Amino acid sequence: MKPKRLESELQDVGTFSHPKQNLEQYATTPALATKVLHLAAVEFGDIEDKSVIDLGVGTGVLAIGAKLMGAGHVLGLDVDMDALSECKENLEMYEPELEVELVLMDVIELIRRYDDYDEQESDESDDDDDDDD
């Protein structure tokens, strides 16, 4: 999808009705979303038929843009249920509705889980090395 058309499509995506300052919720403009997505698509080939994760999906402008550009699977994570509800409303504007998987999750907690997993694997690897003695 050409950048001008994508930016035009994203103009209708709603923004936060009640942004929460403590979560630093602010709208990603259609122009910025278009630039980021176009760069990812053209320079890196990271959109079309790829899996895309939008960390802090908010109202969904980047997730929606990725889906409109042909992403295979899009996952949107956010810590705020209100934001996910607004994102769902934005997805429902499209006919047919865009398929984006939305998950209520604290990204920091996700990182901690994988850090713990990596530490466990490292410890197990060290134990295996000790068995070789």
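The structure under discussion appears in the preceding block.
Here is a short report on the structure shown in this document. (Residues numbered from 1 in each chain as written. Predicted model: local features only at pLDDT ≥ 70, side-chain atom pairs only at ≥ 80, totals over all residues. Heavy atoms only, no water.)

### Considering the overall build of the protein chain
Next, step 1: Helices and strands together make up the secondary structure of the protein chain, namely five helices and three strands.
Next, step 2: Helices and strands in the protein chain line up, N terminus first, as α-α-β-α-β-α-β-α.
Next, step 3: Its C-alpha atoms give the protein chain a radius of gyration of 18 Å, clearly above 14 Å, the size a compact globule of 133 residues would have.
Next, step 4: Taking the principal axes of its C-alpha atoms as reference, the protein chain extends roughly 65 × 35 × 25 Å.
Next, step 5: Looking at the protein chain as a whole, 31% of its 133 residues are labelled buried.
Next, step 6: Within the protein chain, residue pairs in contact and separated by at least 24 positions form 59% of the contacts whose partners lie at least 6 positions apart.
Next, step 7: If you sum the accessible surface of the protein chain, you get close to 9,000 Å²; carbon and sulfur atoms cover 48% of it.
Next, step 8: The positive charge centre, built from 10 side chains, and the negative charge centre, built from 36, are 16 Å apart in the protein chain. (Helix = DSSP H or I, 4+ residues; strand = E, 2+ residues; numbered from the N terminus. Rg over C-alpha atoms; globule rule 2.2 N^0.38 Å. Buried < 20%, exposed > 50% of the residue type's maximum accessible area, 1.4 Å probe, protein only. Contact = heavy atoms within 4.5 Å. Areas by Shrake-Rupley, 256 points an atom, 1.4 Å probe, with all protein chains shown as cover. Lys, Arg positive; Asp, Glu negative; His and termini not counted. Charge placed at Lys NZ, Arg CZ, Asp CG, Glu CD.)

### Here's the deal with the pairing of strand β3 (residues 101-104)
Next, step 1: Looking at chain direction, strand β2 (residues 73-78) and β3 are connected through four bridges and run parallel. Paired with Gly76 across the strands is Leu102, a residue of β3. (Pairing = 2+ DSSP bridges.)

### Considering the environment of Leu84
Next, step 1: Mapping Leu84 onto the fold places it in helix α4 (residues 81-92).
Next, step 2: Of the residues examined, Leu84 reaches a relative accessible area of 6% and is grouped as buried.
Next, step 3: Considered as a pair, Leu84 and Ala31 are 53 residues apart in the sequence and their alpha carbons are 22 Å apart.
Next, step 4: Excluding residues that lie within four positions of it along the chain, Leu84 makes contacts with Val57, Gly58, Gly76, Asp78, Leu102, Val103 and Leu104.

### Describing the side chain of Glu86
Next, step 1: Here Glu86 lies in helix α4.
Next, step 2: One buried charge, Glu86, has no salt-bridge partner; the nearest side chain with opposite charge is Lys20, at 7.7 Å. (Salt bridge = Lys/Arg side-chain N within 4 Å of Asp/Glu carboxyl O.)

### Brief notes about the sheet that holds β3
In a beta sheet, neighbouring strands are held together by backbone hydrogen bonds and run either parallel or antiparallel to one another.
Next, step 1: With respect to topology, three strands assemble into an open sheet ordered β1-β2-β3, the strand pairing being parallel. Strand pairing shows two members of the sheet lacking a second neighbour, β1 (51-55) and β3, which therefore form its edges. Across the sheet, the axes of successive neighbouring strands diverge by a mean angle of 20 degrees, strand direction being ignored.
Next, step 2: Contacting β1 and β2, helix α3 (residues 61-68) crosses the sheet at an angle of about 180 degrees to β2.
Next, step 3: In this fold α4 packs onto β2 and β3, with an angle of close to 170 degrees to the strand it touches most, β3. (Axes fitted to C-alpha atoms, helices over the stretch in contact; angles between N-to-C directions.)

### Section: the packing of helix α1 (residues 3-10) against α3
Next, step 1: Where α1 meets α3, the axes come as close as 10 Å, and the angle between the chain directions of the two elements is 135 degrees. Viewed along their axes, α1 and α3 adopt a mutual orientation that is oblique. At the point where α1 passes α3, the crossing takes the right-handed sense. Residues Leu6, Glu9 and Leu10 of α1 form the contact with α3, whose own contacting residues are Val61, Ile64, Gly65 and Leu68.
Next, step 2: Here the residues of the contact of α1 with α3 sort into five nonpolar, one polar and one charged. (Parallel < 35°, antiparallel > 145°, perpendicular 65-115°, else oblique. Left-handed = near helix turned anticlockwise from the far one by under 90°. Nonpolar A, V, L, I, M, F, W, Y, C, P; charged D, E, K, R; others polar.)

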